[in-house]
Amino acid sequence: MEKIEEQFANLNIVKRSSGTEEPTYLLGIDTSKTVQAEKESLVAVLCSNGSIRIYDKERLNVLREFSGYPGFLNGVKFAHSCDYVYSSCTDGTIKCWDARLASEKPVQLFKGYPSNIFISFDVSCNDHVICAGTEKVEDDALLVFWDARINSQDLSTTKDPLGTYSETHSDDITQVCFHPSNPNMVVSGSTDGLVNVFDISVDNEEDALITTCNSTSSVSCIGWSGKDYKQIYCMTHDEGFCWWDLNHLDTDEPITRLNIQDVREVINVKEGILDYLIGGLYHEKMDKLFIVGGANTGIIHLMNCTTSGLIHMTSLQGGHAATVRSLCWNMQDDSLLTGGEDAQLLLWKPGAIEKTFTKKDSMKIASSVYQRVRIHSSDSYKRRKKQ
């Protein structure tokens, strides 16, 4: 554990993104999975103006920008086998662009049903299936599925859904996350507090549902962890944290490893304060789950997740000047990308020599955009419990 603590404590800023004409909150980050010697690694960032920016990872300069106009984009994901980048849109589609092409036109469009407003999605680890979650419309909150494989013989750029799951959530589906190595396993989270695990190789929704976990609050983030990724962690909009072990489904052992209603009330942060949770990162080599949170001043806190609680390890300072909204951890080079409400994208690496930078002032965002993005406060969301 000392080694990993040291590694995190040694994270220094290597690069800051260059300024853009329209400063925005940076709400989501993903990096290209393909490694090609002649080509730079790419970073895709979801911005609060409803667009996606593509950056060169080493220089952090903007290469191009994709828009969902007139819809807003939610979420950003690279394919696993090529440099296609996906985002869900409020116009009822999932859009797919080639991140290396300057064309703003999507190479593929995955159409939903007429009333669908997509607010979450993910792509399976073999790039065969896309699953997206909708806002609740009337009585329906749906998980919608598509065949994501692109057939060179089929010149059509629009695809219709394979089908839906409609019975397992009763409110907006805020999170969808496929298993990192099993393309048939997917987990979904909702404002109804439920976190559902499915095996989509099974024919019908009822039989596909492996288990339901209850966070008792609106789900803001979910992910996989543990050996062979048999564990699930979840964060809530009121800064709660849950951690479940699917290995215990068929045993007498409890499935819950940890359940904290409000992390801010129990965590002891050395020389600082925790205002919100950002996300999690599972370190495969160490077999450790780490939770990342922050302060409204821009300080980032890294916490070790144990069955007895969260333990503050280290804090990253001198980077952001406002709330940090997104992160992306790279296991290959142990680098960390972070994005915030100060419109900055930062690249951190262990032991790197920090260059001289000017810490940007916190920026003001137009009220219409401000209302769209998540605001961290103790009373932002009322705790919702399943009836």
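Residues numbered from 1 in each chain as written. Predicted model: local features only at pLDDT ≥ 70, side-chain atom pairs only at ≥ 80, totals over all residues. Heavy atoms only, no water.

## Some thoughts on the overall build of the protein
Turning to step 1, where the next piece is worked out: Summing up its helical and strand segments, the protein has four helices and 29 strands in all.
Turning to step 2, where the next piece is worked out: When each of the 387 residues of the protein is scored for burial, the buried share is 56%.
Turning to step 3, where the next piece is worked out: A fraction of 50% describes how many contacts in the protein between residues 6 or more apart in sequence connect residues 24 or more apart.
Turning to step 4, where the next piece is worked out: Carbon and sulfur atoms form 45% of the exposed surface of the protein, whose accessible area is close to 17600 Å². (Helix = DSSP H or I, 4+ residues; strand = E, 2+ residues; numbered from the N terminus. Buried < 20%, exposed > 50% of the residue type's maximum accessible area, 1.4 Å probe, protein only. Contact = heavy atoms within 4.5 Å. Areas by Shrake-Rupley, 256 points an atom, 1.4 Å probe, with all protein chains shown as cover.)

## Remarks on the confidence of the model for the protein
Turning to step 1, where the next piece is worked out: Here the protein shows a mean pLDDT of 88. Residues at 70 or above account for 88%.
Turning to step 2, where the next piece is worked out: Contacts from residues 364–387, a stretch scored under 50 in pLDDT, to residues over four places away or in other chains number 44 contacts. (pLDDT = per-residue confidence, 0-100.)

## Some points on the sheet that holds strand E5 (residues 62–67)
By definition, the strands of a sheet pair up through backbone hydrogen bonds, in either a parallel or an antiparallel sense.
Turning to step 1, where the next piece is worked out: What the four strands build is an open sheet, ordered E2-E3-E4-E5; its pairing is antiparallel. The open sheet is flanked by strand E2 (26–31) and E5, the only strands paired with a single partner. When the angles between neighbouring strand axes are averaged without regard to direction, this sheet yields 20°.
Turning to step 2, where the next piece is worked out: Where strand E3 (residues 42–47) lies against strand E4 (residues 51–56), five bridges are found, and the strand directions are antiparallel. Along E4, the bridge assignment pairs Ala 44 with Ile 54. (Pairing = 2+ DSSP bridges. Axes fitted to C-alpha atoms, helices over the stretch in contact; angles between N-to-C directions.)

## Looking at a negative patch on the surface
Turning to step 1, where the next piece is worked out: Together, Glu 138, Asp 139, Asp 140 and Glu 167 make up a region of like negative charge exposed at the surface.
Turning to step 2, where the next piece is worked out: For Glu 167, the location among the structural elements is in the loop between strand E14 (163–165) and strand E15 (173–178).
Turning to step 3, where the next piece is worked out: With a relative accessible area of 66%, Glu 167 lands in the exposed category. (Patch = residues over 30% accessible without salt bridge, like charges linked within 9 Å, V, L, I, M, F, W, Y side chains within 5 Å. Salt bridge = Lys/Arg side-chain N within 4 Å of Asp/Glu carboxyl O. Lys, Arg positive; Asp, Glu negative; His and termini not counted. Charge placed at Lys NZ, Arg CZ, Asp CG, Glu CD.)

## Points about the pairing of strand E28 (residues 335–340)
Turning to step 1, where the next piece is worked out: For E28, the buried fraction is high: six of the six residues fall into the buried class.
Turning to step 2, where the next piece is worked out: Here E28 shows a buried face lined by Ser 335, Leu 337 and Gly 339 and a second buried face lined by Leu 336, Thr 338 and Gly 340.
Turning to step 3, where the next piece is worked out: Across six bridges, strand E27 (residues 324–330) lies against E28 in antiparallel orientation. Counted as the bridge partner of Leu 327 is Thr 338 from E28.

## Let's talk about the sheet that holds E27
Turning to step 1, where the next piece is worked out: Taken together, the four strands give an open sheet; going across it, the order is E1-E29-E28-E27, and neighbouring strands pair in antiparallel fashion. Only two strands of the sheet have a single neighbouring strand rather than two, namely strand E1 (11–16) and E27. Averaged over all adjacent pairs, the angle separating strand axes in this sheet is 25°, with direction ignored.

## Considerations on the packing of aromatic side chains
Turning to step 1, where the next piece is worked out: Taken as a whole and assessed by the stated rule, the structure comprises nine aromatic pairs.
Turning to step 2, where the next piece is worked out: Between Phe 8 and Phe 290, the ring centres sit 5.0 Å apart and the planes meet at 80°, which makes this aromatic pair edge-to-face. On the criterion of sequence distance, the pair formed by Phe 8 in helix H1 (residues 2–9) and Phe 290 in strand E24 (residues 288–294) is long-range, its members being 282 residues apart.
Turning to step 3, where the next piece is worked out: Relative accessible area serves as the criterion here: at 0%, Phe 290 is assigned to the buried category.
Turning to step 4, where the next piece is worked out: Feature note: the residues Tyr 86, Phe 110, Phe 118 and Trp 146 constitute an aromatic cluster, connected by ring pairs.
Turning to step 5, where the next piece is worked out: Over the aromatic face of Trp 243 sits the side chain of Arg 257, whose NZ or CZ is 4.3 Å from the ring centroid. (Phe/Tyr/Trp six-rings, centres within 6.5 Å; stacked < 30°, edge-to-face > 60°. Lys NZ or Arg CZ within 6 Å of the ring centre and 35° of its normal.)

## What about the nonpolar core?
Turning to step 1, where the next piece is worked out: Counting 33 residues, the largest nonpolar core has Val 195, Trp 224, Phe 241, Ile 291 and Leu 310 as its most contacted members.
Turning to step 2, where the next piece is worked out: Setting aside chain neighbours within four positions, we find Val 195 in contact with Val 187, Ser 188, Gly 189, Thr 211, Thr 212, Cys 213, Val 219, Ile 222, Ile 232, Cys 234 and Trp 244. (Core = buried A, V, L, I, M, F, W, Y, C linked by side-chain atoms within 4.5 Å.)

## What to know about the pattern of salt bridges
Turning to step 1, where the next piece is worked out: Counted according to the given criterion, the structure contains twelve salt bridges.
Turning to step 2, where the next piece is worked out: Residue Arg 53 pairs with Glu 65 through a salt bridge whose shortest N-O separation is 3.5 Å. Residue Arg 53 is found in strand E4, and its partner Glu 65 is found in strand E5; the two are separated by twelve residues along the sequence.
Turning to step 3, where the next piece is worked out: Residue classification places Arg 53 among the buried positions, given a relative accessible area of 2%.
Turning to step 4, where the next piece is worked out: Since its relative accessible area comes to 32%, Glu 65 is described here as partly exposed.
Turning to step 5, where the next piece is worked out: Linking Lys 349 and Glu 58 is a salt bridge whose minimum nitrogen-to-oxygen distance equals 3.6 Å.

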